[in-house]
Amino acid sequence: IFTLHAVQMAMFVVIPGLLVRHGDMPVASHWKIYLPAVLASFVLMVPAIVVAEKRNKVQPVFVGAVVLLLVTLLAMWLGSTRFVVVAGGLLSFFVAFNILEAMLPSLISRIAPARAKGAALGVYNTTQALGLFVGGALGGWLVQHFDAAAVFLCDLLMVVVWLVAALTRPPLPARRSAAAH
């Protein structure tokens, strides 16, 4: 959750400027990109969540969402000067983000022992807040000293580390049935 929110905040330090600079789109019109991207991403994420939960495909859906995030950041790193890449990247970012945002708290409740669920969720929420702070600060520093591409490259490297961790961990547990509780 730290990485997901750090990436999000760092990206949104540079996205508005890219939309203005490369899309000739005033800030007051950015909702025309954000709103459709967010709404479409909700529609596109639902099948992935259904497959993960109903067909016990938690691990592949989780890894697939991290891969989608990685591919999105790679495209934005290489094409951040092209409006269509930034706009399309927002859609694919929100799809990956929404899948992961829905899955991560569920995974905490599956993995944490019953006696430690409260503490686990506390650590989860704290690392989420730290990710927001670090992402905003790091994104601001990178764009000030380098450029938007440096922000996407840094985000990309964080997600590569996350993907390696996701691929090398034990399989994620399936949801327990109500009868098992």
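Scroll up to find the structure this text is about.
Residues numbered from 1 in each chain as written. Predicted model: local features only at pLDDT ≥ 70, side-chain atom pairs only at ≥ 80, totals over all residues. Heavy atoms only, no water.

A. Structural detail: the overall build of the protein chain. When helices and strands are counted, the protein chain shows 6 helices and 0 strands. Going from the N terminus to the C terminus, the protein chain shows its helices and strands as α-α-α-α-α-α. In summary, the protein chain has a C-alpha radius of gyration of 17 Å against a globular reference of 16 Å for 181 residues, a match within 12%. The principal-axis extents of the C-alpha atoms in the protein chain amount to approximately 55 × 30 × 30 Å. When the accessible surface of the protein chain is summed, it comes to about 9,300 Å², and 71% of that surface belongs to carbon and sulfur atoms. Here the protein chain carries 12 positive and 5 negative side-chain charges, and the mean point of each set is 17 Å from the other. (Helix = DSSP H or I, 4+ residues; strand = E, 2+ residues; numbered from the N terminus. Rg over C-alpha atoms; globule rule 2.2 N^0.38 Å. Areas by Shrake-Rupley, 256 points an atom, 1.4 Å probe, with all protein chains shown as cover. Lys, Arg positive; Asp, Glu negative; His and termini not counted. Charge placed at Lys NZ, Arg CZ, Asp CG, Glu CD.)

B. Just the packing of aromatic side chains, in detail. A full pass over the atoms with the stated rule returns 7 aromatic pairs. Centre to centre, the rings of F12 and F94 are 6.0 Å apart; their planes meet at 35°, and the pair counts as tilted. One end of the pair, F12, is in helix α1 (residues 2-23); the other, F94, is in helix α4 (residues 83-111), and 82 residues separate them in sequence. For F94, a relative accessible area of 10% puts it in the buried group. (Phe/Tyr/Trp six-rings, centres within 6.5 Å; stacked < 30°, edge-to-face > 60°. Buried < 20%, exposed > 50% of the residue type's maximum accessible area, 1.4 Å probe, protein only.)

C. Looking closely at unusual backbone geometry. With a phi angle near 50°, D24 is a residue other than glycine that sits in the positive phi range. Phi is positive for N56, which is not a glycine, with a value near 55°. Relative to the helices and strands, N56 resides in the loop between α2 (31-54) and α3 (58-79).

D. Inspection of a nonpolar patch on the surface at higher detail. There is a patch of nonpolar side chains on the surface, built from F2, L130, F133 and V134 and spanning about 350 Å² of accessible area. Broken down by element, the residue count for the nonpolar patch peaks at 3 residues, all from helix α5 (residues 117-145). As for its position among the elements, V134 is in helix α5. (Patch = residues over 30% accessible without salt bridge, like charges linked within 9 Å, V, L, I, M, F, W, Y side chains within 5 Å. Salt bridge = Lys/Arg side-chain N within 4 Å of Asp/Glu carboxyl O.)

E. Quick peek at the layout of surface pockets. Each pocket or cavity is described by its volume, and for the largest pocket that value is around 410 Å³. Mapped onto the lining of the largest pocket, the elements with two or more residues apiece are α1, α4, α5 and α6 (148-168). (1 Å grid on protein atoms, 1.4 Å probe; cavity = no way out; pocket = protein on both sides within 12 Å on 5 of 7 lines; lining within 4 Å. Points joined across faces, edges and corners; volume = space filled by probe spheres on them.)

F. Structural view of the packing of α3 against α6. Look at α3 against α6: their axes get within 8 Å of each other, and the N-to-C directions meet at 160°. Classified by the interaxial angle, the pair formed by α3 and α6 is roughly antiparallel. In the crossing of α3 with α6, the sense of the turn from one axis to the other is left-handed. Residues Q59, F62, V63, V66, V67, L69, L70, L73, L74, M76 and W77 of α3 touch α6, and the partners they reach there are A149, F152, L153, D155, L156, V159, V160, W162, L163, A166 and L167. Within the contact of α3 with α6, the residues separate by chemical class into 20 nonpolar, 1 polar and 1 charged. (Axes fitted to C-alpha atoms, helices over the stretch in contact; angles between N-to-C directions. Parallel < 35°, antiparallel > 145°, perpendicular 65-115°, else oblique. Left-handed = near helix turned anticlockwise from the far one by under 90°. Contact = heavy atoms within 4.5 Å. Nonpolar A, V, L, I, M, F, W, Y, C, P; charged D, E, K, R; others polar.)

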